[in-house]
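# Reading the structure
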Amino acid sequence: MSSLRVLTVCTGNVCRSPAAAVMLRQEMIDAGLSGDVEVGSAGTSWEAEGMPMDDRTELALVRAGYERPFEHTARTIHLTELLAWDLVLGMTAEHVQRLRRMAEQAPDGDSGPEIALWRRFDPEIAASALETEIAVDDPWYEGQGAFDRTIVQMQRSLPAILARVQESLDQRRGR
């Protein structure tokens, strides 16, 4: 059983959040933490429920050095599941706002997960940047190049997310 659960969230759960989950899983494997950290993904919209990862996302991941197969079926996040995660990383301010509103519905005594923007961990982003300024933009309506750029952009956040995960694990272990 994992010590920490990390969820990535976008709109339809077919592009950004499943790509983020693939990248995070690999990061956890490389850091020797795969047995300690569970990584999942979900969407805020039900419209793509049951769909596989977008082909353009898969190609962008392969081009960036990640290996298939990418096991994925799109799903929608709901309150009861949201509360089971420790760290939830949204792709846009809208995702984060929706997740925070959802978490506010938690029963008394349930603090809910830490909810943050993926790019808040990007070292190229100023700490003073507004949430609305640091989205992982949706490549859906653009060509393959946009998907490739999205993966490269998202990779910049991985070291700091890994550091945050390690910090959380250390806190749980009393270090």
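Structural data are supplied above this passage.
First, a word on what this report is: a plain description of the structure on this page. Computed from a predicted structure; not experimentally measured.

Attention now goes to the overall build of the chain. On a plain count of helices and strands, the chain comes out with six helices and four strands. Ordered by position from the N terminus, the helices and strands of the chain form the series β-α-β-α-α-β-α-β-α-α. A compact globule built from 175 residues should have a C-alpha radius of gyration of about 16 Å, and the chain, at 15 Å, falls within 12% of that. Looking at the 175 residues of the chain, the share that counts as buried comes to 51%. Long-range pairs, those at least 24 residues apart, make up 76% of the contacts in the chain between residues at least 6 apart in sequence. Between the averaged position of the 18 positive side-chain charges in the chain and that of its 28 negative side-chain charges there is a distance of 1 Å.

All right, on to empty space enclosed by the protein then. One pass over the structure, following the stated rule, counts one cavity of 30 Å³ or more. Roughly 40 Å³ of internal volume is contained in the largest cavity. As for the largest cavity, its lining consists of Cys-15, Arg-16, Ala-19, Thr-57, Ala-60, Pro-139, Phe-147, Thr-150, Ile-151 and Met-154.

Time to look at the nonpolar core. Leu-24, Val-37, Leu-61, Leu-89, Trp-118 and Val-165 are the most contacted members of the largest nonpolar core, which totals 37 residues. Those elements that provide at least two residues to this core are strand E1 (4-10), helix H1 (16-30), strand E2 (37-43), helix H2 (55-63), strand E3 (87-90), helix H5 (144-155) and helix H6 (158-172). Residue contributions to this core peak at seven residues, all from H1. In this structure, Trp-118 is in contact with Thr-8, Ala-20, Leu-24, Leu-89, Gly-90, Met-91, Val-136, Met-154, Ser-157, Leu-158 and Ile-161, ignoring residues within four places of it in sequence. One finds Leu-7, Trp-85, Leu-99 and Met-102 within the second-largest nonpolar core, a separate group that totals 16 residues.

Next up on the list: the packing of H1 against H5. Direction vectors running N to C along H1 and H5 enclose 50°, while the axes themselves pass 11 Å from each other. One finds that H1 runs oblique with respect to H5. When you trace H1 past H5, the crossing you get is right-handed. Two secondary-structure elements touch here, H1 through Arg-16, Ala-19, Ala-20 and Met-23 and H5 through Thr-150, Ile-151, Met-154 and Gln-155. Residue composition of the contact of H1 with H5, by class: five nonpolar, two polar and one charged.

Cut-offs and rules
- Residues numbered from 1 in each chain as written.
- Predicted model: local features only at pLDDT ≥ 70, side-chain atom pairs only at ≥ 80, totals over all residues.
- Heavy atoms only, no water.
- Helix = DSSP H or I, 4+ residues; strand = E, 2+ residues; numbered from the N terminus.
- Rg over C-alpha atoms; globule rule 2.2 N^0.38 Å.
- Buried < 20%, exposed > 50% of the residue type's maximum accessible area, 1.4 Å probe, protein only.
- Contact = heavy atoms within 4.5 Å.
- Lys, Arg positive; Asp, Glu negative; His and termini not counted.
- Charge placed at Lys NZ, Arg CZ, Asp CG, Glu CD.
- 1 Å grid on protein atoms, 1.4 Å probe; cavity = no way out; pocket = protein on both sides within 12 Å on 5 of 7 lines; lining within 4 Å.
- Points joined across faces, edges and corners; volume = space filled by probe spheres on them.
- Core = buried A, V, L, I, M, F, W, Y, C linked by side-chain atoms within 4.5 Å.
- Axes fitted to C-alpha atoms, helices over the stretch in contact; angles between N-to-C directions.
- Parallel < 35°, antiparallel > 145°, perpendicular 65-115°, else oblique.
- Left-handed = near helix turned anticlockwise from the far one by under 90°.
- Nonpolar A, V, L, I, M, F, W, Y, C, P; charged D, E, K, R; others polar.

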